Every structure is written in structure tokens, then in C-alpha cells.
Amino acid sequence: VQLQASGGGMVQAGGSLRLSCAASGRDASSYAMGWFRQAPGKEREFVASISWLGGGVKYADSVKDRFTISRIRAKNTVYLHMNSLKPEDTAVYYCAADRNMMDTTTKVTDIASWGQGTLVTVSS
């Protein structure tokens, strides 16, 4: 599965951004998809994921109630709607796809596919 992410940018604290990730390749629509992020000097961490049918979602505690993940299976595209952004949300955000649902216990080395990162910068 190939992933193409877009939508990063710079926003002030309290603002909103939407990230998109388009998947292509064989069986792309049957993969769970998600987002991870990596801040400078830190390890890549789980942000949110959505099941291949779209009925199951998971969030990191740090983004719960602020971020929403969704997908349109017909377009093989997943979105991350980010509201009430904080400076600590500043990071490179990576789209991910895997046969299994992803969460905070998922090892990044076990994930099947990664998209290129997209930078999100939140200024105070």
C-alpha cells in the first residue's frame, strides 16, 4: 500500500488543520489506517487510527476530544481533523496503514506502510 499525505502547515494555538492521506495499491481499502507524529528529539508516537470499515477508532489521550479521524473508503482516503491545536502538537505527522488496528501499543517497526511526513507547526 502506498500512502500520500497532505495538509500540514502553520497555525496559531487554538486553530484548526485537516490532514489527508490517500492510499493506493492492492487491497488498500482493507487496511486500517492511522496517524503518528514525531516531534524534534522525540520518538514517533501514535495519534489516532481507524478500522478498515471505519467503525472503530482509537485516539491517544493527548488528542482525544480535539482530533477526529475519519475515512472515505470509496476514495481510500483518511482524514485527521485537528481542532484546538496546541504548541505541543507541533510535529511531523505520518500517515500509516496496517492489517491490524493501531494504538499506543503498536510498534512503529511493525507497521506495514508509511506515508511521507507532513509538518504541522502550532505557534503560541
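Further up the page is the structure itself.
Rules of the game
Residues numbered from 1 in each chain as written. Predicted model: local features only at pLDDT ≥ 70, side-chain atom pairs only at ≥ 80, totals over all residues. Heavy atoms only, no water. Helix = DSSP H or I, 4+ residues; strand = E, 2+ residues; numbered from the N terminus. Rg over C-alpha atoms; globule rule 2.2 N^0.38 Å. Buried < 20%, exposed > 50% of the residue type's maximum accessible area, 1.4 Å probe, protein only. Contact = heavy atoms within 4.5 Å. Lys, Arg positive; Asp, Glu negative; His and termini not counted. Charge placed at Lys NZ, Arg CZ, Asp CG, Glu CD. Pairing = 2+ DSSP bridges. Axes fitted to C-alpha atoms, helices over the stretch in contact; angles between N-to-C directions. Polar contact = N/O pair within 3.5 Å; in protein donor to acceptor, adjacent residues only side chain to side chain. Core = buried A, V, L, I, M, F, W, Y, C linked by side-chain atoms within 4.5 Å.

S.K.: I'm lost on the overall build of the protein in this one. Help?
M.R.: Within the protein one finds zero helices and eleven strands. Reading the protein from its N end, one meets helices and strands in the order β-β-β-β-β-β-β-β-β-β-β. Expected size for 124 residues packed as a compact globule is a radius of gyration near 14 Å; at 13 Å, the protein falls within 12% of this value. For the protein, the spread of C-alpha atoms along the principal axes amounts to about 40 × 25 × 25 Å. The burial tally for the protein puts 44% of its 124 residues in the buried class. Within the protein, residue pairs in contact and separated by at least 24 positions form 57% of the contacts whose partners lie at least 6 positions apart. Considering the protein, the positive charge centre built from 14 side chains and the negative charge centre built from 10 side chains are found 7 Å apart.

S.K.: Whenever I open this one, unusual backbone geometry confuses me. Can you help?
M.R.: Most peptide bonds adopt trans geometry, and most residues besides glycine take a negative phi value. Even without glycine at this site, Asp-27 takes up a positive phi of about 60°. Mapping Asp-27 onto the fold places it in the loop between strand S3 (17-24) and strand S4 (32-38). Despite not being glycine, Ser-84 shows a phi value in the positive range, around 50°. When you line up the elements, Ser-84 lands in the loop between strand S8 (77-82) and strand S9 (91-98).

S.K.: Explain the sheet that holds S8 to me, please; I cannot follow it from the model alone.
M.R.: Sheet architecture is open: four strands sit in the order S1-S3-S8-S7, paired in antiparallel fashion. With partners counted over all chains shown, the strands left at the sheet margins are strand S1 (2-6) and strand S7 (67-72), one partner each. Neighbour-to-neighbour, the strand axes of the sheet open up by a mean angle of 15°, direction not taken into account. Examined bridge by bridge, S7 and S8 share six bridges and lie antiparallel to one another. When the sheet's bridge partners are listed, Ser-70 is paired in S8 with Tyr-79.

S.K.: So what exactly am I meant to see when it comes to the pairing of S8 here?
M.R.: Within a regular beta strand, the side chains point alternately toward one face of the sheet and then the other, so they alternate between its two faces. Of all six residues in S8, five are buried; the element is thus mostly enclosed. Linkage of S7 to S8, two consecutive antiparallel strands, is achieved through a turn of four residues, within which Asn-76 is found at a positive phi near 50°.

S.K.: Honestly, the environment of Thr-118 in this entry has me stumped. Any pointers?
M.R.: By the secondary structure assignment, Thr-118 is in strand S11 (residues 118-123). Residues Thr-118 and Ser-20, spaced 98 residues apart in sequence, show a C-alpha to C-alpha distance of 9.8 Å. A polar atom in the side chain of Thr-118 sits 3.1 Å from the backbone nitrogen of Gly-8.

S.K.: What am I meant to see in the nonpolar core here?
M.R.: Considering soluble globular proteins, one finds that nonpolar side chains tend to be buried as a cluster. Counting 36 residues, the largest nonpolar core has Trp-35, Leu-80, Met-82 and Tyr-93 as its most contacted members. When neighbours within four sequence positions are excluded, Leu-80 is seen to be in contact with Leu-17, Arg-18, Leu-19, Trp-35, Val-47, Ala-48, Phe-67, Thr-68, Ile-69 and Tyr-93.

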